[in-house]
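# Examining the three-dimensional arrangement
Residue strings, one per chain:
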Amino acid sequence: MVLALTVCGIVVALVVVGLFVFGLRRRLIQRSGGTFDCSLRWDVPEKPDTGGKGWAYGVARYNGDRVEWYRVFSYAPRPRRILERSQIEVAGRRVPEGEEELALLSDAVILVCQHRGTRLELAMSEDALTGFLAWLEAAPPGQRVNVA
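### Here's the deal with the pairing of strand β3 (residues 58-63)
Bridging between strand β1 (residues 35-37) and β3 involves 3 bridges; their strand directions are antiparallel. Along β3, the bridge assignment pairs Phe-36 with Ala-60. With 6 bridges connecting them, β3 and strand β4 (residues 66-71) associate as antiparallel partners. Across the sheet, Tyr-62 pairs through a bridge with Val-67, a residue of β4. Where β3 hands over to β4, the hairpin turn is made up of 2 residues, of which Gly-64 adopts a positive phi near 70°.

Here you go:
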């Protein structure tokens, strides 16, 4: 009986510590500001699947001339993807279709992009999209930025 209570106590303590570290990581990412909720789908084919597969929920953070993208459900301290402003080409935007609506946040708009030859899609709110496009267009003189 004592052993069972000890094991249960240890499991509960580990879960609490795990949740605390998870929340602390998110707080540290957002500490410097310039963050927004952003789902990402990497290496998308020309005819994307509207079944909702491949999307990963994350938080993006502006950091100078790049956007750092962190998975929300991860303990990794480093960004999963880094997108350089000069390498991002916007090909268009669209609204979620089919089961994508269930995989993404309710007010999401999908931005279709190319980054270093890799096709990707970013899903974010309309406000975050406006800020992202403004950030892209605010590149220093002499940098090439392609916004459709």
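### Overview of the sheet that holds β4
The strands that make up a sheet pair up through hydrogen bonds in the backbone, lying either parallel or antiparallel. One open sheet holds the 4 strands; their spatial order is β1-β3-β4-β5, and the pairing between them is antiparallel. Across the chains shown, the open sheet's two edge strands, defined by having one partner strand only, are β1 and β5 (81-84). Taking the axes of each pair of neighbouring strands and ignoring which way they run, one obtains an average angle of 25° across the sheet. Strands in contact with helix α1 (residues 2-30) are β1, β3 and β4; relative to β3, the strand with the most contacts, it is inclined by about 30°. Those strands touched by helix α3 (residues 126-137) are β1, β3, β4 and β5, and its axis lies near 35° from that of β3.

### Quick word on the environment of Val-95
You can see Val-95 is positioned in the loop between β6 (88-94) and α2 (100-103). Since its relative accessible area comes to 55%, Val-95 is described here as exposed. Put simply, Val-95 and Pro-79 are 16 residues apart on the chain and 26 Å apart in space, counted from C-alpha to C-alpha.

### Here's the deal with α1
Its 29 residues place the ends of α1 42 Å apart at the C-alpha level, agreeing with the 42 Å of an ideal helix rising 1.5 Å per residue. If you follow the buried residues of α1, they end up packed against β1, β3 and β4.

What counts, and where the lines are drawn
Residues numbered from 1 in each chain as written. Predicted model: local features only at pLDDT ≥ 70, side-chain atom pairs only at ≥ 80, totals over all residues. Heavy atoms only, no water. Pairing = 2+ DSSP bridges. Helix = DSSP H or I, 4+ residues; strand = E, 2+ residues; numbered from the N terminus. Axes fitted to C-alpha atoms, helices over the stretch in contact; angles between N-to-C directions. Contact = heavy atoms within 4.5 Å. Buried < 20%, exposed > 50% of the residue type's maximum accessible area, 1.4 Å probe, protein only. Expected span 1.5 Å × (residues − 1).

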